[in-house]
Amino acid sequence: MIEMKQKKGPNDFPLFMKDFNYMKHTKSREQLIEEAEAKALGSNGCIPTLNETISLCEAKELVHSLSVHQVELELQNAELKKLSTQLEVAKLRYLDLYDYAPEGYLIIAKNGIIKEVNFTASSLLGATKSALLKDAITKYIHPDDQDNYYLHHRSLLKTMTPQEVELRVIRKNHKYIWTRFKLSLSAQDDLGVYRIIVSNIDAKKRSMLALEESEEKFKSLFSNMNQGLVLFESTQSASGKESDYYFVDGNASFENLFAIDKTSVIGKSITEITHFN
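I will try to describe carefully the structure that is included in this document. Computed from a prediction, not measured in an experiment: that's the story for all the values here.

Attention now moves to the overall build of the protein chain. Of the regular secondary structure elements, the protein chain holds seven helices and seven strands. Per-residue burial over the protein chain gives 29% buried out of 277 residues. Sequence-distant contacts in the protein chain: of pairs separated by 6 or more residues, those separated by 24 or more amount to 45%. Summing over all exposed atoms, the protein chain offers an accessible surface of approximately 19200 Å²; the carbon and sulfur share of this is 55%.

So this is what it looks like as structure tokens:
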């Protein structure tokens, strides 16, 4: 008696992606049966006639049918192994792209614990992937930015619309870098699970903060000088020559020297300011 072990068909295999080009090259069940028939029957086939008793030829046909079915299952198993190998290769290729994407990806559980993380995100946070999976995301957010993160997270759950916020993250060496968090609800079924896309904006943010600091220093120096200072912006004529100057700003010493409120002359040209006539 031939032992038959039922194996899963192609439709039972959990496809990783639906649109692989090689799927259209997979053999159909009819092709497999035809190939199994040819292998099992060989060159000495026998087509019996129906009788009330089982003839030798009918017994051979039964054995042949079982043999065909066994060969069919073996061919299907070979096809599944081939498909499994191809899917595993595609999965590894996808994971490689996911892990080394330009931006970090995290899946956060509703209790705030990191469920999934790629290599880019672990590098930005300064911790290994295995260590991150045990921690809450808030552990890596700067204390001064915790409230800002909380408000955007609450807004995400309330409005169900993506949120974006700039935060400092604390790394293992206790230094921080500026990052941009993009929060959105995850496609997973668990309510409250959300996704974070994190990108490094440290260089750009520090340059902007340095520029703002420089501007503040200039404004402080400009305002507190004892000499009267005025800022003008020049305009050009059609020929490209400077035609006039318009008042932009003046310090307190200028206002005291000319007994004038600078707001009354901002935007006016020199010729319009009668005090200079």
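On inspection of all chains with the given rule, the structure shows six aromatic pairs. Ring geometry for F218 and F222: centres 6.0 Å apart, planes at 20°, overall stacked. With F218 and F222 both in helix α6 (residues 202-224), this residue pair falls four residues apart, about one helical turn. For F218, a relative accessible area of 46% translates into the label partly exposed. Looking at F222, the relative accessible area reads 7%, which means it is buried. When the ring centre of Y176 is taken as reference, the NZ or CZ atom of R168 above it lies at 5.5 Å. Stacked on the ring of W178, the Lys or Arg K205 has its end atom at 4.9 Å from the ring centre.

Moving on, we come to the sheet that holds strand β5 (residues 194-200). Read from one edge to the other, the open sheet built from five strands follows the order β2-β1-β5-β4-β3, with strand pairing classed as antiparallel. Strands at the two margins of the open sheet, each flanked by one partner only, are β2 (114-117) and β3 (163-170). On average, each strand axis in the sheet is tilted by 30° relative to the strand beside it, whichever way the strands run. Alignment of β3 against strand β4 (residues 176-185), held across eight bridges, turns out to be antiparallel. Opposite L167, over in β4, you have T179 as the bridge partner. Packed onto the sheet, helix α5 (residues 146-159) meets β3, β4 and β5 and runs at close to 145° relative to β3. Relative to β4, α6 is tilted by about 115°, and along the sheet it contacts β3, β4 and β5.

About the thresholds
- Residues numbered from 1 in each chain as written.
- Predicted model: local features only at pLDDT ≥ 70, side-chain atom pairs only at ≥ 80, totals over all residues.
- Heavy atoms only, no water.
- Helix = DSSP H or I, 4+ residues; strand = E, 2+ residues; numbered from the N terminus.
- Buried < 20%, exposed > 50% of the residue type's maximum accessible area, 1.4 Å probe, protein only.
- Contact = heavy atoms within 4.5 Å.
- Areas by Shrake-Rupley, 256 points an atom, 1.4 Å probe, with all protein chains shown as cover.
- Phe/Tyr/Trp six-rings, centres within 6.5 Å; stacked < 30°, edge-to-face > 60°.
- Lys NZ or Arg CZ within 6 Å of the ring centre and 35° of its normal.
- Pairing = 2+ DSSP bridges.
- Axes fitted to C-alpha atoms, helices over the stretch in contact; angles between N-to-C directions.

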